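# Notes for the structure review
If you want the building blocks of each chain, they are given just below.
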Amino acid sequence: MGLLATAMLLTTSCADKYNIIGTSMQSLYDGKMVYLNQLVDGRDASVDSCEIVHGQFSMSGNLDSVMCVTLDMGDFHLPIVLESGDIRVSSANQSIKVEGTPLNDRLYAFLTSRDSLIMLLTDLPRRESQMILDGYEHDDVLRTLGEEEAELRLAMDKLETGFITSNFDNVLGVSWFMELCNDTYQRFGYPNTTPQIDDIYSRAPEQFRNNPNIRDYMKLCEK
């Protein structure tokens, strides 16, 4: 279940409006639809939609609450924080950038850093093969790359933990905490926690702990 698998809401002014301005540099998307979806009771519920015309699309509407949604455009499914202001989405060469509002800027700075660590982790098997071809002893290769993997995973934990704790007061902290919980659920096959989840939860303020999604998941873990 992805980052947007649950609807995390914060109350805002009824007068707030969102504006999404998108640019697609790939003509193959012309005429296709773009959807904003959020998961409600296990099913995608459409928040808004529009057609891509000449590489451009736009959506706008009143905003009762800040929420995480998914922007679905062809093969792209990306998280967006639906918040007041102008949200700019641009895609080119299999790359997508989302910017323009505070929480989206914060989210994509985090995702960029996280993607860099993921790339280094996924490159380890290739490096192992290359080092063996270069004549390094297999035990030395495993020891060296094992130490690197441990350092990268520690850096990932610190990055995610710092992101959540610095966003305890908004939708980003709740959403990414639930992402960790969902990943753990899928790994074990039942509700469970990890030392990272327990550490974050132990530091969380009461408002964060009382979020219905977090409260329900942690109760399931206690059982």
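To keep things clear, this report deals only with the structure shown in the data block. Each chain carries its own residue numbering, running from 1 in the direction its sequence is written. Where totals are concerned, whole chains, interfaces and linings use all residues; where local detail is concerned, this predicted model gives features only for residues with pLDDT of at least 70, and gives and counts side-chain atom pairs only at 80 or more. Hydrogens and water molecules were not included; the side-chain quantities draw on all heavy atoms of the structure.

## Focus: the pairing of strand S7 (residues 76–82)
As a reminder, the rule being used: When accessible area is computed with a 1.4 Å probe and restricted to protein chains, residues below 20% of their type maximum are described as buried, those above 50% as exposed, and intermediate ones as partly exposed. Strands are runs of DSSP state E lasting at least two residues, helices are runs of H or I lasting at least four, and both sets are numbered from the N terminus onward. Here, strands pair whenever DSSP counts at least two bridges between them.
Most of S7 is tucked away: six of the seven residues are buried. With seven bridges connecting them, strand S6 (residues 65–73) and S7 associate as antiparallel partners. Within the sheet, the bridge partner assigned to Leu71 lies in S7 and is Leu78. Here S6 folds back onto S7 in antiparallel fashion, the turn holding two residues, of which Gly74 has a positive phi close to 60°.

## Brief notes about the packing of helix H4 (residues 171–188) against helix H7 (residues 212–222)
Two quantities define a packed helix pair, namely the angle between the helix axes and the distance between the axes. To keep things clear, this is the line we draw: Each axis is a line fitted through C-alpha atoms, taken for helices only over the stretch in contact, and angles between the N-to-C directions span 0 to 180 degrees. For classification purposes, an angle smaller than 35 degrees is called roughly parallel, one larger than 145 roughly antiparallel, one from 65 to 115 roughly perpendicular, and anything else oblique. Crossing handedness is read from the near helix: turned anticlockwise from the far helix by less than a right angle, it gives a left-handed crossing, and turned clockwise, a right-handed one. Contacts between residues were defined by any pair of non-hydrogen atoms, one from each residue, lying within 4.5 Å. Polar here means any residue outside two lists: the nonpolar Ala, Val, Leu, Ile, Met, Phe, Trp, Tyr, Cys and Pro, and the charged Asp, Glu, Lys and Arg; Gly therefore counts as polar.
Contact geometry of H4 with H7 gives a least axis separation of 10 Å together with a crossing angle of 30°. Comparing their axes, H7 and H4 come out roughly parallel. For the pair H4 and H7, the crossing hand works out as left-handed. Between H4 and H7, the residues in contact are Val174, Phe177, Met178, Cys181, Thr184 and Tyr185 and Asn213, Ile214, Tyr217 and Met218, respectively. Looking at the contact of H4 with H7 residue by residue, the class counts come to eight nonpolar, two polar and no charged.

## As for the environment of Arg126
Structurally, Arg126 is set in helix H2 (residues 124–133). Counting along the chain gives 26 residues from Arg126 to Gly100, while the straight-line C-alpha distance between them is 37 Å.

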